[in-house]
Amino acid sequence: MREVLTNPLSGYYMHRDVFGREGDFITSPEICQIFGELVAIWVVSEWRKLGSPLPFQIVELGPGRGTLARDVLKVLTKFKFGGQFSMHMVEISPHLSKVQGQRLCFSTETVTDESSPHYQTGKTATGTHVYWHKRLEDVPRAFSIVLAHEFFDALPVHKLQRDGKLWKEVLIDVNSRDSVDSDNQPDFRYVISKAQTPVSHLYQPITNEARDCLEYSLDTDRIISMMAERFEIDGGIGLIMDYGHFGEKGDTFRAFKKHKLHEPLLAPGTADLTADVDFRQIKRIAEEHGKVICFGPVEQGTFLKKMEGDTRLEQLLAFALPENHDIIRSGYKMLTDPTQMGKRFKFFSIFPAVVRKHLEKFPVSGFQ
Ligand SMILES: C[S@@+](CC[C@H](N)C(=O)[O-])C[C@H]1O[C@@H](n2cnc3c(N)ncnc32)[C@H](O)[C@@H]1O
């Protein structure tokens, strides 16, 4: 999954735009501006709740075309924070970082010094500094509001399968040429490891784990632990928006090509690979050492409605040209309707444990 999506030469995300009607899938921030605007309002509301610490930084993991960052920036600009916040894009794709730079900045500059923690910098039209990093590790230590929309579902997962008392790993093997009888047969196949692998050995199931097969993302564990540590020491808030479950699903690894499901082992690199986010595992890792507390997951439709999405819709329609009304209405409906994206997509937030009592008095917006 890591090689297919992010190999520097031929990784799926690395050298092209895969979003929108012409691409393979469309994401919520691209569907309707209300999504990004309400996320921005949430950011301001929760940042204020924590005492409006200055300076602060907005960190986005996997910003895609930069649409969410652009809408968040647009709203933050209205609050006139001036130069008191910076934006940090954690993006591995050289192509997408260029697209994001064009979306967000008046001018950008490539940084060639290999020892620099960022590889691109830019300044927005209103003077906010933007930095691009390959990894969260490279983002400066400071109070951070970390946003991740459809990022964790793109991180590699290990497929584990129970065999008696042991967990074994589902691996990918090469199909021998003789067994491939047509061009439509994948070059690869799934096999179960003969013995335990390092990851299946490392995996710690919860007590009474009911599933016999599951997907486990070491990268997600690592990034969530880092966020928890940083939030405790430097302060910060996390908002994860993704499709996922609470530890009840086991087999969600799949591929999308031209908006349709695709066989993941066929022509790897030509389709998006994804697996549902396991929010129970994220909560477990985040709260493991008592550094942070988590809220959610709540359904996307519920979150957007609680954030007064309907009011924003009416306001937007009041100022929009009549010929644009249908597209705005249908976009908002797509985001919130339980039969479309309103139920499958979830919101999940992370706060420093030290504010637990404070948040009991002033509950997290959109999650109450
Ligand atoms: C499914 S797209 C989501 C894009 C955007 N957030 C949206 O919702 O429209 C995943 C994004 O994460 C980036 N990405 C994937 N794996 C990454 C990794 N290991 N490190 C940093 N960025 C990564 C991709 O290049 C892309 O920008």
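Residues numbered from 1 in each chain as written. Predicted model: local features only at pLDDT ≥ 70, side-chain atom pairs only at ≥ 80, totals over all residues. Heavy atoms only, no water.

Novice: Could you clarify how one ought to interpret the overall build of the chain in this entry?
Specialist: A count of helical and extended segments in the chain gives 12 helices and 17 strands. A compact globule built from 368 residues would reach a C-alpha radius of gyration of about 21 Å, and the chain, at 21 Å, matches this within 12%. Taking all 368 residues of the chain together, the buried fraction comes to 52%. For the chain, the exposed area adds up to about 17,900 Å²; of that, 54% sits on carbon and sulfur atoms. (Helix = DSSP H or I, 4+ residues; strand = E, 2+ residues; numbered from the N terminus. Rg over C-alpha atoms; globule rule 2.2 N^0.38 Å. Buried < 20%, exposed > 50% of the residue type's maximum accessible area, 1.4 Å probe, protein only. Areas by Shrake-Rupley, 256 points an atom, 1.4 Å probe, with all protein chains shown as cover.)

Novice: So what exactly am I meant to see when it comes to the packing of aromatic side chains here?
Specialist: For the structure shown, the criterion picks out 19 aromatic pairs. Ring geometry for Phe-79 against Phe-81: centres 6.0 Å apart, planes inclined by 10 degrees, an arrangement best described as stacked. Using a relative accessible area of 30% as the deciding quantity, one classes Phe-79 as partly exposed. Phe-81 gets classed as buried once you look at its relative accessible area, which sits at 8%. Their ring planes at 85 degrees and their centres at 5.8 Å tell us that Phe-295 and Phe-351 sit as a pair that is edge-to-face. With Phe-295 in strand β16 (residues 292–299) and Phe-351 in strand β17 (residues 345–352), the pair connects residues that are 56 residues apart, well separated along the chain. With relative accessibility at 0%, the residue Phe-351 sits in the buried group. (Phe/Tyr/Trp six-rings, centres within 6.5 Å; stacked < 30°, edge-to-face > 60°.)

Novice: What should I look at first to understand the nonpolar core in this one?
Specialist: For soluble globular proteins, the rule of thumb is that nonpolar side chains tend to be buried together. Residues Val-39, Trp-42, Ile-58, Ile-145, Leu-147, Phe-347 and Phe-351 are the most contacted members of the largest nonpolar core, which totals 55 residues. In terms of residues, this core owes the most to one element, helix α3 (residues 33–49), which gives 9 residues. If we skip the residues at most four places from it in the chain, Trp-42 touches Ile-237, Gly-238, Leu-239, Phe-303, Met-307, Ser-349, Phe-351, Val-364, Ser-365 and Phe-367. Of all hydrophobic cores here, the second largest spans 26 residues; its members include Leu-136, Phe-152, Ile-224 and Ile-285. (Core = buried A, V, L, I, M, F, W, Y, C linked by side-chain atoms within 4.5 Å. Contact = heavy atoms within 4.5 Å.)

Novice: Teacher, can you tell me more about the site of the ligand here?
Specialist: Around the ligand, a shell composed of 18 residues is seen, among which Thr-27, Gly-62, Gly-64, Glu-91 and His-149 lie nearest. Here an oxygen atom of the ligand and a side-chain polar atom of Thr-27 are 2.6 Å apart. Gly-62 is positioned with one of its backbone polar atoms (N or O) 2.7 Å from a nitrogen atom of the ligand. Against a free-state accessible area of 600 Å², the protein chains account for coverage of 94% of the ligand. (Near = heavy atom within 4 Å. Polar contact = N/O pair within 3.5 Å; in protein donor to acceptor, adjacent residues only side chain to side chain.)

Novice: Explanation requested: unusual backbone geometry in the structure shown.
Specialist: Across the chain, the bulk of peptide bonds are trans and the bulk of non-glycine residues have phi less than zero. The omega torsion of the bond from Leu-54 to Pro-55 falls at -10 degrees, within 30 degrees of zero and hence cis. Position of Pro-55 relative to the elements: it lies in the loop between α3 and β1 (56–61). Of note in the backbone geometry, Ser-52 takes a positive phi value of approximately 50 degrees without being a glycine. In this fold, Ser-52 is placed in the loop between α3 and β1.

Novice: Any chance you could explain the environment of Phe-85 here in plain terms?
Specialist: Within the element layout of this structure, Phe-85 appears in strand β2 (residues 85–90). When the C-alpha positions of Phe-85 and Ile-58 are compared, they lie 7.3 Å apart, and in sequence the two are 27 residues distant. The residues contacting Phe-85, other than those within four sequence positions of it, are Phe-56, Ile-58, Leu-73, Leu-76 and Thr-128.

Novice: Can you walk me through the packing of helix α7 (residues 218–234) against helix α8 (residues 279–287) in this structure?
Specialist: It is at 8 Å that the axes of α7 and α8 come closest, and there the two elements cross at 40 degrees. By the angle between their directions, the pair α7 and α8 is classed as oblique. The hand of the α7/α8 crossing is right-handed. Together, Thr-220, Asp-221, Ile-224, Ser-225 and Ala-228 of α7 and Gln-281, Ile-282, Ile-285 and Ala-286 of α8 make up the contact between the two elements. The residue inventory of the contact of α7 with α8, partitioned by class, reads 5 nonpolar, 3 polar and 1 charged. (Axes fitted to C-alpha atoms, helices over the stretch in contact; angles between N-to-C directions. Parallel < 35°, antiparallel > 145°, perpendicular 65-115°, else oblique. Left-handed = near helix turned anticlockwise from the far one by under 90°. Nonpolar A, V, L, I, M, F, W, Y, C, P; charged D, E, K, R; others polar.)

Novice: Before we go on, may I ask you to explain the sheet that holds strand β14 (residues 272–274) in this structure?
Specialist: Sheet architecture is open: 3 strands sit in the order β13-β12-β14, paired in antiparallel fashion. Taken across any chain shown, the strands that pair with only one partner, and hence form the sheet edges, are β13 (260–262) and β14. Pairs of neighbouring strands in the sheet enclose a mean axial angle of 40 degrees, with direction left out of account. Direction of pairing for strand β12 (residues 254–257) relative to β13: antiparallel, over a ladder of 3 bridges. Residue pairing in the sheet places Lys-257 in a bridge with Lys-260 of β13. (Pairing = 2+ DSSP bridges.)

Novice: Would you explain the pairing of strand β7 (residues 158–163) in this entry?
Specialist: The two faces of a sheet get side chains in turn, since along a regular strand they alternate between them. Examined bridge by bridge, β7 and strand β10 (residues 213–216) share 4 bridges and lie antiparallel to one another. What sits directly across from Gln-161, in β10, is Cys-213. Pairing of β7 with strand β8 (residues 166–174), which is carried by 5 bridges, proceeds in the antiparallel orientation. Looking across to β8, one finds that Gln-161 is bridged to Lys-168. Connecting the antiparallel pair β7 and β8 is a turn made up of 2 residues, with Gly-164 showing a positive phi of about 65 degrees.

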